[in-house]
Amino acid sequence: MERADRFRDPGVRLWHFAKEILVRCPRCDGRALVAVHPEHRDGHAYAVGWLTAPHRLTCAGCSYVAEWTPRPWRTGAGDAYFAGRGVLVVPELGGPDDPYFGRPLWLRGACCGRVLWAYNLAHLELLEAYVRARLRERPESPGSQTLLERLPAWMKAAANRDEVLAAIGALRDLA
Ligand SMILES: [Zn+2]
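Rules behind the numbers
Residues numbered from 1 in each chain as written. Predicted model: local features only at pLDDT ≥ 70, side-chain atom pairs only at ≥ 80, totals over all residues. Heavy atoms only, no water. Helix = DSSP H or I, 4+ residues; strand = E, 2+ residues; numbered from the N terminus. Contact = heavy atoms within 4.5 Å. Areas by Shrake-Rupley, 256 points an atom, 1.4 Å probe, with all protein chains shown as cover. Lys, Arg positive; Asp, Glu negative; His and termini not counted. Charge placed at Lys NZ, Arg CZ, Asp CG, Glu CD. Pairing = 2+ DSSP bridges. Axes fitted to C-alpha atoms, helices over the stretch in contact; angles between N-to-C directions. Donors = N, O, S within 2.8 Å, 3.2 Å for Na, K, Ca; no water. Tetrahedral: all angles 85-135°; square planar, octahedral: opposite > 155°, others 65-115°. Buried < 20%, exposed > 50% of the residue type's maximum accessible area, 1.4 Å probe, protein only. Expected span 1.5 Å × (residues − 1). Polar contact = N/O pair within 3.5 Å; in protein donor to acceptor, adjacent residues only side chain to side chain.

Under an unreviewed UniProt entry, the protein chain has the name TFIIB-type zinc ribbon-containing protein and belongs to Nonomuraea rosea.

As structure tokens, this is what we get:
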């Protein structure tokens, strides 16, 4: 077996890619960016710190800007983060819309009767390397399930490899 056919799960979680989320601009439908507000970018000891920090949507194409402010947690609102500034709701990552503004992701497309999506190019490239590999190796350090371990079965199925790679290739051209 060729070395290039082997791929070891680097152990990353979806939140690793959530710092830069490409979305469709609500005004011009072009590519916009959702990221932590520049004034709140640094000083977070844990990922949950910046995940719950104020976020901003910016569109380079039409100069549209929107702000997202953290929401106070209440019963049933999801995971809670006990921050110095109160108890906040941790935005739920996953799915083909961004977790802050609810905008459709820029990198999303139909595939195998489902929706294939990625937050950004690095995320897409990880999916591509994984799907392309003939031998997929588990991450070296155990822990909660990684992004790749949580992928739906249709993306992991060998029978879908060509279709999934084609869909990823089409999205790569957009990124
Ligand atoms: Zn725009």
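Text resumes after the structure shown.
Chemist: Which parts of the structure should I look at to understand the overall build of the protein chain?
Modeler: Summing up its helical and strand segments, the protein chain has 4 helices and 10 strands in all. Counting only C-alpha atoms, the protein chain reaches 55 × 40 × 30 Å along its principal axes. Excluding contacts between residues fewer than 6 apart, the proportion of contacts in the protein chain whose partners are at least 24 apart in sequence is 59%. Counting every atom, the protein chain has about 10,000 Å² of accessible surface; 49% of that belongs to carbon and sulfur. The distance from the centre of the 24 positive side-chain charges to the centre of the 20 negative ones in the protein chain is 2 Å.

Chemist: In this structure, what is going on with the sheet that holds strand 3 (residues 31-36)? I would like to understand it.
Modeler: Within a sheet, neighbouring strands are paired by backbone hydrogen bonds and run either parallel or antiparallel to one another. What the 4 strands build is an open sheet, ordered 2-3-4-5; its pairing is antiparallel. In this open sheet, the two strands that pair with only one neighbour each are strand 2 (20-24) and strand 5 (65-68). Averaged over all pairs of adjacent strands, the angle between their axes in this sheet comes to 25°, without regard to strand direction.

Chemist: Sorry, what's going on with the coordination of the zinc ion here?
Modeler: On the protein side, the zinc ion has Cys-25 (SG), Cys-28 (SG), Cys-59 (SG) and Cys-62 (SG) as donor atoms, found 2.3 Å from it. Its 4 donor atoms give the zinc ion angles of 105 to 115° at the centre, a pattern that matches the tetrahedral case. Between the donor residues of the zinc ion, the gaps in sequence give the motif C-x2-C-x30-C-x2-C. A residue pair is termed long-range when its members are at least 10 positions apart, and Cys-28 in the loop between strand 2 and strand 3 and Cys-62 in the loop between strand 4 (55-59) and strand 5 qualify at 34 residues. Judged by relative accessible area, Cys-28 falls into the partly exposed class, the value being 37%.

Chemist: What is the right way to look at helix 2 (residues 121-132) in this model?
Modeler: Given 3.6 residues per turn, any residue in an α-helix points the same way as the ones three and four places further on. The end-to-end C-alpha distance of helix 2 is 16 Å, a good match for the 16 Å that 12 residues give at a rise of 1.5 Å each. Here the buried face of helix 2 lies against strand 1 (6-8), strand 9 (114-118), strand 10 (135-137), helix 3 (153-156) and helix 4 (161-174). Among the residues of helix 2, the N-terminal cap falls to Asn-120, whose side-chain oxygen and the backbone nitrogen of Ala-122 are separated by 3.2 Å.

Chemist: Quick question: what am I supposed to make of the side chain of Arg-13 here?
Modeler: Its location among the elements puts Arg-13 in the loop between strand 1 and strand 2. Here the side chain of Arg-13 touches Gly-11 through a polar contact of 2.5 Å, landing on its backbone oxygen. Polar contacts involving the side chain of Arg-13 include one to the main-chain carbonyl oxygen of Ser-144, which spans 2.2 Å.

Chemist: Which parts of the structure should I look at to understand unusual backbone geometry?
Modeler: Glycine aside, residues mostly have negative phi angles, and peptide bonds mostly take the trans form. Of note in the backbone geometry, Asp-29 takes a positive phi value of approximately 70° without being a glycine. Among the structural elements, Asp-29 can be located in the loop between strand 2 and strand 3. The phi dihedral of Ser-63 is positive, around 70°, even though this residue is not glycine. Relative to the helices and strands, Ser-63 is located in the loop between strand 4 and strand 5.

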